[in-house]
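If you want the building blocks of each chain, they are given just below.
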Amino acid sequence: MAEPEAEGSGGGGSPGPGSGAGAGGWRRPHGPLQRYYGPSAAEAAEAAPDPADINGPHFDPEVFLTKVRSECPLAQLLAREAELGREIRALDSDMQTLLYENYNKFISATDTIRKMKVDFRHMEAEMDNLAANMAAISTSSARVSAALQDRHRRGAQLAGVQALLRKLQSLVEVPGRLRLWAAPGAEPARALRCHARARAVLRHYRHLPSFRAIEDESRAIMAELAQRLRARLRDETLDPKELTECVEMLLQLEEPPEELCEEFLSHAGARLEAELAALEAELPPPAPPGAAATPPPASDILDFVDRGSSAFVGSLCLLAGSYRSLFEGRAGAGPGRLEAFAAALTARYFELLERRLALERGLGDTSLLVRALDRFHRRLRALLELLPAAGAEAGAALVARAARERVDRYLRALQTFFMGCLGDVRQALAAPRPPGKEGPGLPDLLATLAASVLGQLKAVLAYVQLFTARDVAFASLPYFKGEFCVEAVREGLVVAFVRWLCRTARGFADGPAERGAPAAPPALLLLLARLCLDYEATTISYILTLTDEQFPPQAQGAAVAQMLRKSVETRDWLSTVEPRNVRAVMKRVVEDITAIDVQVGQLFEEGVRRAQSSDSSRRAFSVYSSSRAPGRYAPSYTPSAPMDTHLLSNIQKLFSERIDIFSPVEFNKVSVLTGIIKISLKTLLECVRLRTLGRFGLQQVQVDGHYLQLYLWRFAADERVVQGLLDEVAASAAHRCLDPVPMEHSVVELICERG
């Protein structure tokens, strides 16, 4: 009974082992539909024929019922009947569900197939009609084309003849149009355009008499127009725009460029000469030697420069631009003629300006003189962009001479002021005193004299410093970066005044006696002696330190610092991209400091450098280590362990030397370059502290700092100064970064080496 039970269970779909796939039974994953429809043909072929298998293809109900009745008891038969009833109901339910779910699809598919049969039947008939119609149309079109072919050919010929006649008519009308547009007061530009369009055709068919007559008449009209234009070119009242238009039309008439260039420069030269003559008329005639000084003109120097810049320099710039647009690339009118012409005129303009500057004998408003020279230099720089050979060196030398002359006048004014103060002291010493009333004592007179002279000297230095202000264009000239600060201000003004003061004091002491009495009162000699001692002890050092702070390193450092400040403030450090190169401003900083090194080296001694560490040569490739080696000041951009960068920076500052940014500068190359580098890097540090950075912004600062370290350490007196300031820049950047993830040091080195 066990075997029939197993088979019956397998046939009924129970999960018994007898219903496996090898026996041809159903498999559970295929679901009720497979049990309903039975096994596939391949499975049925592989299985042995079994008429008692309810799921097999050879199923015989009589055999199955006979076997079940003979082998199964009544209870099992009843259970089997109930089980088969449940399976039949489940299959019916599944079939109904599938039918309900796909009913609409079946209906739609049936309707679509029905419509397609109908539509295709009509469409086939319509396509047959269309093919017949197209064949008829093709036949008719061929008959029409054959009938109209001759007419079409004749029409095309007539259209060509008509177009040719129109062209001939336009050529015949050319002389009339030229005569109309080339008449005085008409539109010569339209006449030139009309003649340019017809000229090539007339020349090509000149061998035909009719075309030759048209060309001769047109040429005569244009020759007459050229004569009128040349007459107009000689008109002295012609403004630059009209002059350019006139020469341009003559060039279109194929007039010789050499002659036109000569007339263009002659006319422009006459106009520029008139403007120079107007400037010269404002100046008094040169005084003969020994005559009284010529009074200054009514207008100030700034007005004179404004008139010269707007009239002469502006006209010369317009002339240069017009000349290049008209004659560039034409034979016989190269740029050399223009440059020689402009150089002669600018030389005369410089002479007039120098004569006007010579009239500034007083010590009025120095800022007015600086503004005038700045405006002159700016306009001259715009002219030099068009004409590089128009006198760049002469213009720079003129500005330098004016500045040096003003410094010399300040020296004479200081000497006069000191002699006036000394006269007041002598008068106070020699004044009679009433009985019982004492005059000012020598200490008071000495203090008043020293304070007055020192205050006047400070005021003079403040005025002179205007020549090196940051917003003055000519302050970037090499003379004002080096020689002016050293030779003119420090040596020519401050040191020269101190030496003159000492000579003056010695002159009072060594002067000849008058009638047995000394040349100067003894009290005055005592006062001068004490003044010289005070100068030797403190005042000279103070004055020179003040001068050194106001001039070379600070001026140079301010220029580099301004460049660094703008580069930091104008960049979006939060959304910057991942660094792939060193920023161009860092390369510019290194180039500028290298140029300053060359300039300062021409004026000063080398100076003393602190002994470099043993790995200075290779530190250019590995500057920022992850930890501090003993006895070395090696900053770290990437700490070896995670910690608060702000705390790390503060701890490092405790063990590092304090860097005095504005320390006194000695007059040697190393000291000057060190001061410039300290000011520049301090500016970079303060600007970074005010920005908020993203990850790539921090990495860009890291790359820029490493690049600066590669090149700046060799200029400084102590390489630890550069390292310390760059270390603070990196720490501040990490502290201000929202995502402080530094770049790998090998990648930083690779970027800097490539940059």
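Predicted model only: the values in this text are computed from it and were never measured.

Thresholds, definitions, all that
Residues numbered from 1 in each chain as written. Predicted model: local features only at pLDDT ≥ 70, side-chain atom pairs only at ≥ 80, totals over all residues. Heavy atoms only, no water. Helix = DSSP H or I, 4+ residues; strand = E, 2+ residues; numbered from the N terminus. Contact = heavy atoms within 4.5 Å. Expected span 1.5 Å × (residues − 1). Buried < 20%, exposed > 50% of the residue type's maximum accessible area, 1.4 Å probe, protein only. Phe/Tyr/Trp six-rings, centres within 6.5 Å; stacked < 30°, edge-to-face > 60°. Lys NZ or Arg CZ within 6 Å of the ring centre and 35° of its normal. 1 Å grid on protein atoms, 1.4 Å probe; cavity = no way out; pocket = protein on both sides within 12 Å on 5 of 7 lines; lining within 4 Å. Points joined across faces, edges and corners; volume = space filled by probe spheres on them. Core = buried A, V, L, I, M, F, W, Y, C linked by side-chain atoms within 4.5 Å. Salt bridge = Lys/Arg side-chain N within 4 Å of Asp/Glu carboxyl O. Axes fitted to C-alpha atoms, helices over the stretch in contact; angles between N-to-C directions. Parallel < 35°, antiparallel > 145°, perpendicular 65-115°, else oblique. Left-handed = near helix turned anticlockwise from the far one by under 90°. pLDDT = per-residue confidence, 0-100.

Chemist: For this particular structure, what's the right way to read the side chain of Gln 415?
Modeler: For Gln 415, the position within the fold is in helix 13 (residues 392-430). Non-local contacts of Gln 415, meaning those with residues more than four positions away in its chain, are made with Phe 497 and Trp 500.

Chemist: What is the right way to look at helix 9 (residues 257-281) in this model?
Modeler: Think of an α-helix as 3.6 residues a turn; residues three or four steps apart then line up on the same face. Taking 1.5 Å per residue, 25 residues should reach 36 Å; helix 9 reaches 35 Å between its end C-alpha atoms and fits that length. Burial in helix 9 covers these residues: Pro 257, Leu 260, Cys 261, Phe 264, Leu 265, His 267, Ala 268, Gly 269, Leu 272, Glu 275, Leu 276 and Leu 279.

Chemist: Looking at this model, I keep getting lost on the packing of aromatic side chains. Mind explaining?
Modeler: Two aromatic rings are characterised by how far apart their centres lie and by the angle between their planes. In the structure shown here, the tally under the stated rule is 16 aromatic pairs. Judged by centre distance (6.2 Å) and plane angle (45°), the ring pair of Tyr 349 and Phe 350 falls under tilted. Of the two residues, Tyr 349 and Phe 350, neither departs from the other in class, the shared state being buried. Site record: aromatic cluster; members linked through ring pairs are Phe 312, Tyr 349, Phe 350 and Phe 376. Seen from the ring of Trp 573, Arg 571 lies directly overhead, with NZ or CZ sitting 5.3 Å from the centre.

Chemist: What am I meant to see in helix 22 (residues 695-712) here?
Modeler: With 18 residues, helix 22 should reach 26 Å at 1.5 Å per residue; the first-to-last C-alpha distance of 26 Å fits that figure. Here helix 22 lies mainly inside the structure; 15 of its 18 residues are buried.

Chemist: How should I be thinking about empty space enclosed by the protein in this particular structure?
Modeler: Empty space among the atoms can be located by rolling a probe the size of a water molecule over them. Scanning the model with the defined rule gives six cavities of 30 Å³ or more in all. Of the pockets and cavities examined, the largest cavity occupies roughly 100 Å³. Pro 240, Leu 243, Ala 268, Ser 315 and Leu 319 are the residues nearest the centre of the largest cavity, which is lined by 13 residues in total. Only helix 8 (240-252), helix 9 and helix 10 (301-327) provide two or more residues apiece to the lining of the largest cavity. With five residues, the top contributor of residues to the lining of the largest cavity is helix 9.

Chemist: Before we go on, may I ask you to explain the nonpolar core in this structure?
Modeler: Considering soluble globular proteins, one finds that nonpolar side chains tend to be buried as a cluster. In this structure, Phe 418 and Phe 484 are the most contacted members of the largest nonpolar core, which totals 117 residues. Broken down by element, the residue count for this core peaks at 14 residues, all from helix 13. The contacts of Phe 418, once residues within four sequence positions are left out, are Leu 449, Val 453, Phe 497, Trp 500, Leu 501, Thr 504, Leu 528 and Leu 531. Counting 49 residues, the second-largest nonpolar core is a separate cluster that includes Val 486, Ile 677, Leu 693 and Leu 710.

Chemist: Just checking my understanding: could you explain the pattern of salt bridges for this structure?
Modeler: Pairing is possible between side chains of opposite charge, provided their charged atoms come close. Counted by the stated rule, this structure contains 32 salt bridges. Across the pair Arg 401 and Glu 354 runs a salt bridge whose closest N-O atoms are separated by 2.6 Å. Taken together, the residues Arg 401 in helix 13 and Glu 354 in helix 11 (residues 335-358) connect sequence positions 47 residues apart. By relative accessible area, which is 41% here, Arg 401 ends up partly exposed.

Chemist: In this structure, what is going on with the packing of helix 14 (residues 442-464) against helix 16 (residues 522-550)? I would like to understand it.
Modeler: Packed helix pairs are specified by the crossing angle of their axes together with the interaxial distance, meaning the distance between the axes. Close contact between helix 14 and helix 16 brings their axes to 10 Å; oriented N to C, the two are set at 30°. When the axis of helix 14 is compared with that of helix 16, the two are roughly parallel. The interaxial crossing formed by helix 14 with helix 16 has right-handed handedness. Residue-level inspection shows Leu 442, Leu 445, Leu 446, Leu 449, Ala 450, Val 453, Leu 454, Leu 457, Lys 458 and Leu 461 of helix 14 in contact with helix 16, the latter providing Ala 523, Leu 527, Arg 530, Leu 531, Asp 534, Tyr 535, Thr 539, Tyr 542, Ile 543, Leu 546, Thr 547 and Gln 550.

Chemist: Help me out: how do you make sense of the confidence of the model for the protein chain in this one?
Modeler: Regions with low pLDDT should not have their predicted coordinates read in detail. Overall, the prediction assigns the protein chain a mean pLDDT of 78, with 81% of residues at 70 or greater. Low confidence marks residues 1-30, where pLDDT is under 50. Its contacts with residues over four positions away, or in another chain, come to 37 contacts. Here residues 614-643 is a poorly scored stretch, pLDDT under 50, and it has 60 contacts once near neighbours within four places are set aside; other chains count.

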